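Each chain, letter by letter, is given below.
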Amino acid sequence: MPYIALATLVVDDYDKALAFYTRVLGFELIEDTERGDGSRWVVVRPRAVSSDSSSSAGSVGLLLARAKDDAERASIGVQTGGRVGFFLHTEDFARDHARMRAAGVRFLEEPRHEPYGSVAVFEDLYGNRWDLIQPA
């Protein structure tokens, strides 16, 4: 069955984006390949919770694509029109929320406990909005 493998996230600098997603959010680097034209193929994705966990099986990776022109640069941080565009699931909301805050992640609200789970909206280094969510 087909599945979504990657979603593109336009960034201003490969190394800055890579540092944020791997060091601050704790994603794993899947690939960082020079393409020969000054661009790179940089893929990150959330780390697997455990080796046998189905929650990360088929996890969508992010292709960190450096903006090439003014139109692409204008989309950095607003690729979803200011809406939450990314949903980072966790099995331990309190742990990950505390770790991310300590790492300097900017949360836009205090954690909420909704019928569907615990959630808080945060921004990545570009202003893209994410939900950190532990489903109920």
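Residues numbered from 1 in each chain as written. Predicted model: local features only at pLDDT ≥ 70, side-chain atom pairs only at ≥ 80, totals over all residues. Heavy atoms only, no water.

Caption draft 1: Geometry of the overall build of the protein chain. The secondary structure content of the protein chain amounts to 3 helices and 9 strands. Starting at the N terminus and ending at the C terminus, the protein chain contains elements arranged as β-α-β-β-β-α-β-α-β-β-β-β. A globule of 136 residues ought to have a C-alpha radius of gyration of about 14 Å, and the protein chain, at 15 Å, matches this closely. Counting only C-alpha atoms, the protein chain reaches 45 × 35 × 30 Å along its principal axes. (Helix = DSSP H or I, 4+ residues; strand = E, 2+ residues; numbered from the N terminus. Rg over C-alpha atoms; globule rule 2.2 N^0.38 Å.)

Caption draft 2: Inspection of the layout of surface pockets at higher detail. Roughly 220 Å³ of volume is contained in the second largest pocket. Listed by contribution, the elements that provide at least two residues to the lining of the second largest pocket are strand E3 (40-45) and strand E4 (61-66). With 3 residues, the top contributor of residues to the lining of the second largest pocket is E4. Of the residues assigned to the lining of the second largest pocket, the class counts are 5 nonpolar, 1 polar and 6 charged. (1 Å grid on protein atoms, 1.4 Å probe; cavity = no way out; pocket = protein on both sides within 12 Å on 5 of 7 lines; lining within 4 Å. Points joined across faces, edges and corners; volume = space filled by probe spheres on them. Nonpolar A, V, L, I, M, F, W, Y, C, P; charged D, E, K, R; others polar.)

Caption draft 3: Focus on the pattern of salt bridges. For the coordinates displayed, the defined rule picks out 10 salt bridges. Because the salt bridges share partners, they merge into one network encompassing Asp-15, Asp-32 and Arg-40. (Salt bridge = Lys/Arg side-chain N within 4 Å of Asp/Glu carboxyl O.)

Caption draft 4: Inspection of the domain arrangement of the protein chain at higher detail. If you check the domain split of the protein chain, you get domain 1 (1-76) and domain 2 (83-135). On a C-alpha basis, the centres of domain 1 and domain 2 stand 18 Å from each other. At the junction of the two partners, domain 1 supplies 18 residues and domain 2 supplies 14 residues. Between domain 1 and domain 2, the buried area comes to about 1,200 Å², and carbon and sulfur atoms account for 72% of it. Viewed at the interface, domain 2 and domain 1 are joined by 0 salt bridges. The interface formed by domain 1 and domain 2 holds 4 residue pairs in polar contact (both at pLDDT 80 or more) in total. Secondary structure elements with two or more residues in the side of domain 1 that touches domain 2: strand E1 (6-11) and helix H1 (14-24). If one sorts the elements of the side of domain 1 that touches domain 2 by residue count, H1 sits on top with 5 residues. (Domains from an automatic or database assignment. Contact = heavy atoms within 4.5 Å. Buried area = accessible area lost by both parts, 1.4 Å probe. Polar contact = N/O pair within 3.5 Å; in protein donor to acceptor, adjacent residues only side chain to side chain.)

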